[in-house]
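The lines below spell out each chain.
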Amino acid sequence: MIETNRLVLRLWREDDILPFSEINSDKEVMEYLPKCLSLEETEQFYNRIVAEHNAFGYGLYAVEKKSDGCFIGYVGFHHFDFDADFSPGVEIGWRLARKHWGQGYATEAAKACIDYARKHRLFNEIYSFTTVCNRRSERVMQKIGMGRVSFFSHPSLPKGHKLEPHVLYKLELPDENFGIGGKSIDEIKHNYKP
Ligand SMILES: CC(C)(COP(=O)(O)OP(=O)(O)OC[C@H]1O[C@@H](n2cnc3c(N)ncnc32)[C@H](O)[C@@H]1OP(=O)(O)O)[C@@H](O)C(=O)NCCC(=O)NCCS
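Residues numbered from 1 in each chain as written. Predicted model: local features only at pLDDT ≥ 70, side-chain atom pairs only at ≥ 80, totals over all residues.

Burial of strand E7 (residues 147-153) is sparse: only zero of the seven residues sit out of reach of the surface. By the bridge criterion, six bridges tie E7 to strand E8 (residues 165-172) in an arrangement that is antiparallel. Across the sheet, Gly147 pairs through a bridge with Lys170, a residue of E8. (Buried ≥ 20, exposed ≤ 12 C-beta atoms within 10 Å, placed from the backbone. Helix = DSSP H or I, 4+ residues; strand = E, 2+ residues; numbered from the N terminus. Pairing = 2+ DSSP bridges.)

Here we come to unusual backbone geometry. In this structure, Pro88 follows Ser87 across a cis peptide bond, with omega equal to 0°. In this structure, Arg121 takes a positive phi of about 50° despite not being glycine. Structurally, Arg121 can be placed in the loop between helix H3 (105-119) and strand E6 (125-131).

The local shell around the ligand holds 21 residues, among which Trp101, Ala106, Thr107, Arg135 and Arg139 are the closest. Every element with two or more residues in the shell around the ligand is listed here: strand E5 (89-96), H3 and helix H4 (135-143). Top contributing element to the shell around the ligand by residue count: H4, with six residues. Split by residue class, the shell around the ligand holds eight nonpolar, eight polar and five charged. (Near = placed C-beta within 6 Å. Nonpolar A, V, L, I, M, F, W, Y, C, P; charged D, E, K, R; others polar.)

Take a look at the structure:
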């Protein structure tokens, strides 16, 4: 679906579940997430990802290396609706297998997702957030041009949990051919009732 120099971002297949489960059970990958996932939990996560693609036409994409076709994790979009003043909204997120970190893959894939969202006018703004200790993930947010807007306590985590403090980033996706709220001036004029 989405191609970069080195990667293909595609819809998911059932044979992604096992390698995805390996990623989700790796303590290092999951260090800044609430817990490692069992195979069953990975299957449930897989089903939620597929359902989100079916509902919206976009979501978290399975990331594959072009050089060898290897599945290395996900990058893409997710609708969130937890209790926060910037919610509900769409976030961009990433999770890659440990052995593929540090080669710019997350940044390359995330930039391509942003370009895709802009081109297809999927939404006008996108968020990303992570626990404040996750500097690697925050660095990816910065490298794709997002700006830090605030800090917040993630409401899904218990009060006092070490991962509770989060940093929030945002990117506006203005479309120069469009006016306020993604509508063209002609559309606004047409629907305008004084
Ligand atoms: C976050 C993650 C997707 C990044 O993947 P990646 O392909 O290694 O990312 P990139 O190579 O594109 O960029 C990583 C950047 O972080 C930097 N970085 C790495 N470790 C860092 C650290 N401890 N502190 C600050 N920056 C760090 C890298 O140097 C690089 O920046 P640079 O290009 O300016 O040098 C990957 O580490 C991962 O899957 N982590 C586990 C899952 C996760 O935490 N997901 C986010 C949950 S919100």
